[in-house]
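Residues per chain are reported as follows:
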Amino acid sequence: MLKINRLRIEIKTKEKIFGFDERFYSGLNLIASDDNTRGKSSIIAMIYYCLGFEEIIGGRGEKVLTAAFKSVIEEDENVWPVLESGAYLEIFNGIEVITIFRAAKIENRDNRLISVYYSDMENIHRQDTLLDDMYVHMPNAATNKKGFHNFLETFLHIELPMVPASDEAIRKLYLQLIFSGMFIEQKHGWANILSGMPILGIKESKKRVIEFILDLDTLDNDRKKDQLRAEEDHIKKSWTTVVREIILLVERESCTITGLPPSPKILTDVDYSKIIIQKNNDHIGEYINDLTKDYEDLNALKPKIIDNFDELQIELSETEKTIREYEWDIVKLSDLLDKEHISIRRLENNLEIIETDISNNKDAARLRDLGSEIDLYTSKDLCPTCHQEIADTLLPLPNDMPIMNIDDNIRHLNAQRDMLKFAKLSHGSNLDKIQNSINHMEESLYKLRSLAKSLRSDLYQTNDSLSEAIVYKRLSIESEINNLKRLIDFYSNHKVTFEKLSERWKDYLEKKAALPENKYSEKDKVKLKHLQECLVDNLKKFGYRSIKNLNQVEISKENYLPAIEGFDMKFDSSASDNIRAIWAFTLSLLQTSLMDSGNHPGTLIFDEPAQHSIIVSDMKEFFNSIVNNLSNSQVIIGITVKDSDTRKVVNELPEGKYNLIMVPNKAFQKIDKSL
Amino acid sequence: MDKSYVLSEEIIFDAKPDAVPFNYRISYKLAKLSLILELNARGGCSLMKLQMVSTALSTTSDRGKLWDFVNNSSNNYSVVRFDPAVNRAIKYAIAEGLFNQQKNGLFRLTKKGKEFTKVIMKDSSLLSSEKKYLFLLSNKLTEERIKELTTFWRYTNVEDK
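Okay, so let's go over this structure. (Residues numbered from 1 in each chain as written. Chains lettered and ligands numbered in written order. Predicted model: local features only at pLDDT ≥ 70, side-chain atom pairs only at ≥ 80, totals over all residues. Heavy atoms only, no water.)

1. Structural notes on the pattern of salt bridges
Test applied: We count a salt bridge whenever a side-chain nitrogen from Lys or Arg sits within 4 Å of a carboxyl oxygen from Asp or Glu. Think of it this way: any DSSP run of H or I at least four residues long counts as a helix, any run of E at least two long counts as a strand, and we number them from the N terminus. The buried label goes to any residue with under 20% of its type's maximum accessible area, the exposed label to any with over 50%, and the partly exposed label to all in between, with areas taken from a 1.4 Å probe on protein chains only.
Summed over the entire model, instances satisfying the criterion amount to 29 salt bridges over all chains. With a closest N to O distance of 3.8 Å, A:E84 and A:K12 form a salt bridge. Taken together, the positions of A:E84 in strand β6 (residues 84–92) and A:K12 in strand β1 (residues 3–12) put the pair 72 residues apart, joining distant regions of the chain. When its relative accessible area of 28% is taken as the criterion, A:E84 is described as partly exposed. Notably, a salt bridge pairs A:D392 with B:R25, separated by 3.7 Å at the nearest N-O pair. Note that A:D392 is positioned in the loop between α9 (309–373) and α10 (406–459) and B:R25 in the segment before α1 (26–40), a pairing that runs across two chains. We classify A:D392 as buried; its relative accessible area is 6%. Connected through salt bridges with shared partners, the residues A:R6, A:R8, A:E10, A:D21, A:R23 and A:E122 form a single ionic network.

Shown next, in the form of structure tokens:
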């Protein structure tokens, strides 16, 4: 909770110190004066300013404050130049008391600096009082440790949610936004419900603020949804990485793999059994078996040449045939490779031309703008002589031939560039593919040639020497078996990763299914119902007359603002009823939050709620409902007690139930000494 | 008899707007010609010169050709391309009040034209390579040189016949 205990404003001039020093209490606090322009709003503005919420008034820094803080202060006939000014604000969170000081005008003190004293205002100058300097309105002031609003967030025991911002990032909901729902400022605060809300780049900020104040689960659900989306991204990314790694290795061993699921899914045993690695159209296991058999056969062979002369000859001629086939294939592929290279080079040339074309066209577009700056007719597609319409071209064209304007032309060229880039990319990937298969073939060719060489040397050996070919073959089979086994090992390792990812995916799908369909939990529905009841009740009390049947008023499910038959309530309201609606809605937010343990800090500030000649009896009801229902919260109201009716209302308020601060002729009176 | 047509509605062919190369945009040409007058001609510029420099600006090889011509005394600048688009652009420039034609036939920038070039010169990213070339070319291509060239053509053409 937030309770404002005491505000002390000090304005120093050459001879005197002017100021304001009053205490505030729970329940209703009235800052009243006989006439307008006495400085009530300056006092209230200073509360916002000390808390760093001056954006609700409409601006940053001391410029939102009145002249009394910045340039001169008037006293009867005298005008005193202001030398220094600033204010102390003592606030209470239910457990601790702190005092905040922020300067409005002090030489060499940045107005973004806020000093926090960990004591009440009386004791700020004691030796053992802790002092901390913090700042507002600087980048990251809402999240950094030395950011005042970050401190205030902790101090008020609230935890601001992360919400989507308009630039697609996720940001913390700003305190300023939340307090614009409780501090109704004099000027634009009364334009509409939550109209004082500063624009800070949060998507649907009004909705988010109400969600936060009522502590609706929707926010939580949204956040969960975000988390799930991140999880989904993560799983998908790891999944494709694993798949890519496996495919890469499989291709390196010139194998093929089928049945590998390209995107995450829950894998069953059937799915696993469908994943098959093949080599030369055989299952890899069988292929290895075959190889092992070959290997053993080779072992069984007598390694003497004399015994295998015929076989050696047949094998040599076959090997040479395969070599020729491979060589022919490589030549063909190299041709293709050259062609791809040529296409890529051509595309690159075209791209270059288009790039210069685009930049020249952009020049032309800017020149056209420059031309219209100095009033050239041709820049407006008009003939300078006869002022008829002409086309923006120097080429002779048939009359009815439409031409593109420069902007379309640039778009057109950009599209062409994208197309060329895409073509270049696909040619590039073709190139890679061809290069890969050439590499493969060259590797096999190398093996075959070594084999042929061994065979040939065997043929020319004396009859009883050992067969080199058989030894070579044995070695190469051995290494192939080893490689393939390694591939199988690799795959089974990654199968575990798949299993894990599949588990996570299942988990993700379960959580996704568990999210409520229409995002309102049962608790939310109750809270929204309470908000609606409080609102209707308040509207009745305050004399809202623009609609006969107030039960038609409902809380919109879209943005949680009051609506009638789906339309914004404001459309149907008279000016004074709009004021009543703002009273009612602001109060009901607090009431609902109290009833359903929401996040409302429990403070409301209204500056001049009696706008648009509101009827006095309605205002009385407004005050009464504050005095009766909200005695544990704090409501500060700045009010002008000009006419006798208003005075009567104030006087009739129950004694001792409210705190009246009468502002004399001028709000800032001479005070003895500064704190 | 049942006839089933695949297409029963009429088909309409619409002419899509044609792209125009930047070189044929009025604004672009006007700016280029104004820059030539500003940077390369003191006391007026002939149509021939405008054509020559304007052609030279269009491609890198054309730039080189003119550069060689002005830096060597040889007359091997075979052909001057007379681009009708340049003529048309000059007409527009005169109508817009950017150029004046003097009594001796030479073109000159008006006050408005000077203003226009000033705005263009201010933006250094605009037509930067063109500006650089024209700056280097400066006053190297004189009207005398052009006259020499045309006379040279006259004689060689006579010999040809």
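2. A look at the state of the cysteines
Inclusion rule: When two cysteine sulfur atoms are found within 2.5 Å, that pair is recorded as a disulfide.
Enumeration over the complete set of coordinates arrives at zero disulfides over all chains. Take A:C383: it sits in no disulfide, and the sulfur closest to it among the cysteines is that of A:C386, at 3.5 Å.

3. Looking at the packing of helix α5 (residues 205–214) of chain A against helix α13 (residues 575–595) of chain A
Residue and element names in this part refer to chain A. Keep this limit in mind: To get an axis, a line is fitted to the C-alpha atoms, and for a helix only the part in contact is used. The angle between two axes follows their N-to-C directions and goes from 0 to 180 degrees. Contacts are assigned to residue pairs with any non-hydrogen atoms lying within 4.5 Å of each other. Ten residue types, Ala, Val, Leu, Ile, Met, Phe, Trp, Tyr, Cys and Pro, are classed as nonpolar, four, Asp, Glu, Lys and Arg, as charged, and the remainder, Gly among them, as polar.
Where α5 meets α13, the axes come as close as 9 Å, and the angle between the chain directions of the two elements is 35°. On the side of α5, the interface is formed by I210, I213 and L214, while α13 contributes F585, L589, T592 and S593. Among the residues forming the contact of α5 with α13, the class breakdown is five nonpolar, two polar and no charged.

4. Brief notes about a negative patch on the surface
Residues and elements named next belong to chain A. Just so we agree on the cut-off: Patches here are clusters of residues that have more than 30% relative accessible area and form no salt bridge, with a 9 Å joining cutoff for like charges and a 5 Å cutoff for nonpolar side chains (Val, Leu, Ile, Met, Phe, Trp, Tyr). For every accessible area listed, the method is Shrake-Rupley and the probe measures 1.4 Å; residues are considered covered only by the protein chains on display. Note on charges: Lys and Arg go in the positive column, Asp and Glu in the negative column, and His and the chain ends are not counted at all. Where a charge lies is defined by one atom per residue type: Lys uses NZ, Arg uses CZ, Asp uses CG and Glu uses CD.
On the surface, a cluster of negative charge is made up of E286, D290, D294, E296 and D297. Structurally, the position occupied by D290 is in helix α8 (residues 284–300). Given a relative accessible area of 38%, D290 falls into the partly exposed group.

5. Overview of the packing of aromatic side chains
All names here are of chain A. Convention followed: Pairing of aromatic side chains here covers Phe, Tyr and the six-membered ring of Trp, requires ring centres within 6.5 Å, and sorts the geometry by plane angle: under 30 degrees stacked, over 60 edge-to-face, intermediate tilted.
Under the defined criterion, the tally for this structure stands at 12 aromatic pairs over all chains. Between F53 and F183, the aromatic rings sit 6.3 Å apart at their centres with planes inclined by 65°, giving edge-to-face as the arrangement. With F53 in the loop between α1 (40–50) and α2 (67–70) and F183 in strand β12 (residues 183–184), this residue pair connects regions lying 130 residues apart in the sequence. By relative accessible area, F53 is classed as buried at 0%. Looking at F183, the relative accessible area reads 1%, which means it is buried. Summarising the aromatic geometry, the rings of Y88 and F101 are spaced 4.6 Å apart at their centres and angled 40° between planes, so their arrangement reads as tilted. With Y88 in strand β6 and F101 in strand β7 (residues 97–105), this pair connects stretches of sequence that are 13 residues apart. Each residue in the set Y48, F53, F179 and F183 is aromatic and connected to the rest through ring pairs, giving one cluster.

6. Re the layout of surface pockets
All names here are of chain A. For clarity, the threshold we go by: With a 1 Å grid laid over protein atoms only, a set of points is called a cavity when a 1.4 Å probe fits there but cannot get out and a pocket when it is open yet has protein on both sides within 12 Å along at least five of seven lines; lining residues have an atom within 4 Å of a point. Grid points are joined across faces, edges and corners, and a volume is the space filled by probe spheres set on the points.
One number sums up the size of the largest pocket: a volume of about 1000 Å³. Surrounding the largest pocket, 30 residues form its lining, K279, Y287, K447, L448 and E480 being those nearest its centre. At the level of elements, α8, α9, α10 and α11 (468–514) are the ones that each hand at least two residues to the lining of the largest pocket. The element that contributes the greatest number of residues to the lining of the largest pocket is α11, accounting for seven residues.

7. So, the interface of chain B and chain A
Formally: Accessible-area loss on putting two parts together, using a 1.4 Å probe and summing over both, is the definition of buried area adopted here. Polar contact criterion, stated in full: a pair of N or O atoms within 3.5 Å, where within protein one must be able to donate a hydrogen and the other to accept it, and residues adjacent in sequence count only if both atoms are side-chain atoms.
The interface is formed by 34 residues belonging to chain B together with 33 residues belonging to chain A. Interface area for chain B against chain A, summed over the two sides, is near 3000 Å², with a carbon-plus-sulfur share of 65%. Contact with chain A buries surface across chain B, with B:F22, B:R25 and B:E96 losing the most and accounting together for 21% of the total. Taken together, the connections running from chain B to chain A amount to two salt bridges. Linking chain B to chain A there are 15 residue pairs in polar contact (both at pLDDT 80 or more). At the level of elements, α1, α4 (84–96) and α5 (111–122) of chain B are the ones that each hand at least two residues to the side of chain B that touches chain A. Of the residues that constitute the side of chain B that touches chain A, the class distribution is 21 nonpolar, three polar and 10 charged.

Any functional reading would require information that these geometric values do not contain.
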